[in-house]
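# Inside the fold
In case you want the letters, here they are:
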Amino acid sequence: MSAIAAVYAGTVLDAKTRKPLENAFVTLGTTVVRTDFKGKFIINGSGDKLGIRAYGHTRVDAPLSRDSAPIILAPFIPKAIYLSFYGIGDKSLRHAALDVIQRTEVNALVIDLKGDRGGVSFKSSIPLATQIGAQKITTIKDVSGLVSELHAKGLYVIGRIVVFKDNPLASAHPELALKTKGGVTWKDREGLSWPDPFSTTVWNYNIDLAVEAARAGFDEIQFDYVRFPDSPEPVYSKPNTEENRVGAISGFLGEARKRLIPYNVFLAADIFGYVAWNTDDTHIGQKLQNLSEVLDYLCFMLYPSGFKFGIPGYLNPVQHPREIVLLSLEKAQQRSSLPAIRFRPWLQAFRDYAFDRRWFKNDQIRAQIEASDHFGSDGWMLWNPHNLYGDGLRSK
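Residues numbered from 1 in each chain as written. Predicted model: local features only at pLDDT ≥ 70, side-chain atom pairs only at ≥ 80, totals over all residues. Heavy atoms only, no water.

### Details of the pattern of salt bridges
Heads up, the rule is: We define a salt bridge as a side-chain nitrogen of Lys or Arg found within 4 Å of a carboxyl oxygen belonging to Asp or Glu. Runs of H or I in DSSP of at least four residues are treated as helices and runs of E of at least two as strands, each being numbered from the N terminus. Relative accessibility thresholds used throughout: buried, under 20% of the residue-type maximum; exposed, over 50%; partly exposed, between the two (1.4 Å probe, protein chains only).
Scanning the entire structure with this criterion turns up 22 salt bridges. Where E242 meets K287, a salt bridge forms, and the shortest distance between an N and an O atom there is 2.9 Å. Placement of the pair is E242 in helix 6 (residues 242-260) and K287 in the loop between strand 12 (266-272) and helix 7 (288-294), with a sequence separation of 45 residues. Exposure remark for K287: the relative accessible area of 21% places this residue in the partly exposed category. Here E370 ties to R366 by a salt bridge, and the two come within 3.7 Å at their closest N and O atoms. Taken as a pair, E370 and R366 lie in helix 9 (residues 362-375) at a separation of four residues, close to a single helical turn. Residue classification places R366 among the buried positions, given a relative accessible area of 12%. Within the structure, one salt-bridge network assembled from shared partners comprises K79, E105, R366, E370 and R394.

Here it is in structure tokens:
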């Protein structure tokens, strides 16, 4: 029996303070509204449950009811480590990560659902994923079961989907691939092909994967490589102008946001560190003001090694990890007027590759964490490509 459209009203409160939560999201089917300054909402739509979420809080599903009991959201600040496409499937790495979580302040996991080389880590029902060879290797046997297991441990679970760096898709469908001026498929420094960010076929494939992840229970969908290549070489299906680039990236994210409404899931994207400072789109389609309109969380990659030109006053960023993180977040907030809770940075937990090759371990990692905490962001995420963690973390 299909759901019948009806009107529901209620109040959303913070579990700790019992104060109203303003601007919380309330969804019913494909309808979404925000709570007012008293935490109250009225929603008219079709569905079998209400979905409620708010920045800096967990999300809940509530049964449809017309009683007056308030809906309670618990405050939650994610402190995450990352497991790669292979890391989530490797028993020793996965167990090591869970051990770190058990012993330290970490309470969240970022998991590759579509990795840097275009492989889809779980068994997807999307025909295109199989057709292009993205399912030749799957490292997650039961994605819904995995999410349930992690939720049972009290973890916030983030699904990372690499979007416009997708060698399997571009190779299997050269008509979708970026080209050189000579008309052959363009490849990046790693020898990988990229599909055209203007293609709605490419958009829909990645959004379909995000919908599958949302149905599997992920708390947050996080898009990475949601940008144009940082190279002037490729030829696109539309003129390579700032207006067109920004339109493609914001358009994709806006469409993803619309498609994900029924699943009450947070939406985030990984953003170049310099986007916090640059007033243009950094030539990759990422413009701060536009991103802030379509994302719940802005995840700046504030690795000191990535700031090859430094920032004002700090020309050697690896010597100043705290300042790089704090000043970049403050600059992004100043330019966007967003509350601090809308930001969650990626922090460097790997060896420097751009300056003096120093290892980022206890002191350097702790300095970045303390900068993020001082700013008041919605937690932080540690990136280590080898999935090895422990340094710089506080014990429980």
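### What about the side chain of T11?
Heads up, the condition is: Pairing of N or O atoms within 3.5 Å defines a polar contact, subject to two protein rules: one partner must be a possible hydrogen donor and the other a possible acceptor, and residues neighboring in sequence count only if both atoms are side-chain atoms. Any two residues having at least one pair of non-hydrogen atoms within 4.5 Å are treated as being in contact.
With respect to the helices, strands and loops of the structure, T11 is situated in strand 1 (residues 6-14). Overall, T11 belongs to the buried group, its relative accessible area being 18%. Within the local environment of T11, its side chain forms a polar contact with the side chain of K40, the two groups lying 3.3 Å apart. Filtering out sequence-adjacent residues up to four positions away, T11 remains in contact with K38, G39, K40, F41, P70 and I71.

### A look at the sheet that holds strand 7 (residues 71-73)
Where we set the bar: A pair of strands counts as paired when DSSP detects no fewer than two bridges linking them. Working convention: axes come from line fits to C-alpha atoms, limited for helices to the stretch in contact. Angles between N-to-C directions cover 0 to 180 degrees.
The three strands lie next to each other as 4-1-7, forming an open sheet whose pairing is mixed. Bordering the open sheet on either side are strand 4 (40-45) and strand 7, each of which pairs with just one other strand. Ignoring strand direction, the axes of neighbouring strands in this sheet form an average angle of 35 degrees. Taken together, the six bridges between strand 1 and strand 4 define a ladder with antiparallel strand orientation. Bridging from a neighbouring strand, A6 pairs with G45 of strand 4.

### Side note on the pairing of strand 12
This is how it is decided: The handedness rule is simple: strands pointing away from the viewer, and a clockwise path from the first strand over the helix to the second, make the crossover right-handed.
A large share of strand 12 lies buried, amounting to six of its seven residues. In this sheet, strand 12 lies alongside strand 11 (residues 220-224) in parallel orientation, the contact comprising four bridges. Bridging across to strand 12, I221 finds its partner in L267. Assessed by its sense of winding, the connection that carries the chain from strand 11 through helix 6 to strand 12 is right-handed. The pairing of strand 12 with strand 13 (residues 297-301) spans five bridges and is classified as parallel. Along strand 13, the bridge assignment pairs A268 with Y297. Taken together, strand 12, helix 7 and strand 13 form a β-α-β motif whose crossover is right-handed.

### A closer look at unusual backbone geometry
Residues other than glycine seldom take positive phi values, yet H283 does so here, at roughly 65 degrees. The residue H283 is located in the loop between strand 12 and helix 7 in this model.

### Describing the nonpolar core
What tends to happen in soluble globular proteins is that the nonpolar side chains get buried as a cluster. Selection criterion: To qualify as a nonpolar core, a set must consist of buried Ala, Val, Leu, Ile, Met, Phe, Trp, Tyr and Cys residues joined through side-chain atoms within 4.5 Å.
In this structure, Y205, F218, I221, F223, L253 and F300 are the most contacted members of the largest nonpolar core, which totals 111 residues. Ranked by residues supplied to this core, first place goes to helix 5 (residues 200-216) with 10 residues. Counting 15 residues, the second largest nonpolar core, distinct from the first, contains Y8, A24, F41 and A54.

### Brief notes about the packing of aromatic side chains
In plain terms, the rule: For this analysis, a ring pair means two rings from Phe, Tyr or Trp (six-membered ring only for Trp) whose centres lie within 6.5 Å, classed as stacked if their planes differ by under 30 degrees, edge-to-face if by over 60, and tilted for the remaining angles. Note on geometry: a ring has a charge over it if NZ (lysine) or CZ (arginine) is within 6 Å of the ring centre and within 35 degrees of the ring normal.
Within this structure, the stated rule accounts for 23 aromatic pairs. Centre to centre, the rings of F85 and Y86 are 4.9 Å apart; their planes meet at 75 degrees, and the pair counts as edge-to-face. With relative accessibility at 53%, the residue Y86 sits in the exposed group. A ring pair is formed by F343 and F375, whose centres lie 6.0 Å apart and whose planes are at 70 degrees; its orientation type is edge-to-face. Of the two residues, F343 is situated in the loop between helix 8 (321-336) and strand 14 (346-348) and F375 in helix 9; the sequence distance between them amounts to 32 residues. Each member of the pair, F343 together with F375, is buried. In textbook terms, an aromatic cluster arises when at least three aromatic residues are bridged by ring pairs, as seen for F25, Y55, F76, Y156, F266 and Y297. In this arrangement the basic side chain of R53 is found over the ring face of F25, its NZ or CZ atom lying 4.3 Å from the centre. Over the aromatic face of W359 sits the side chain of K361, whose NZ or CZ is 5.4 Å from the ring centroid.

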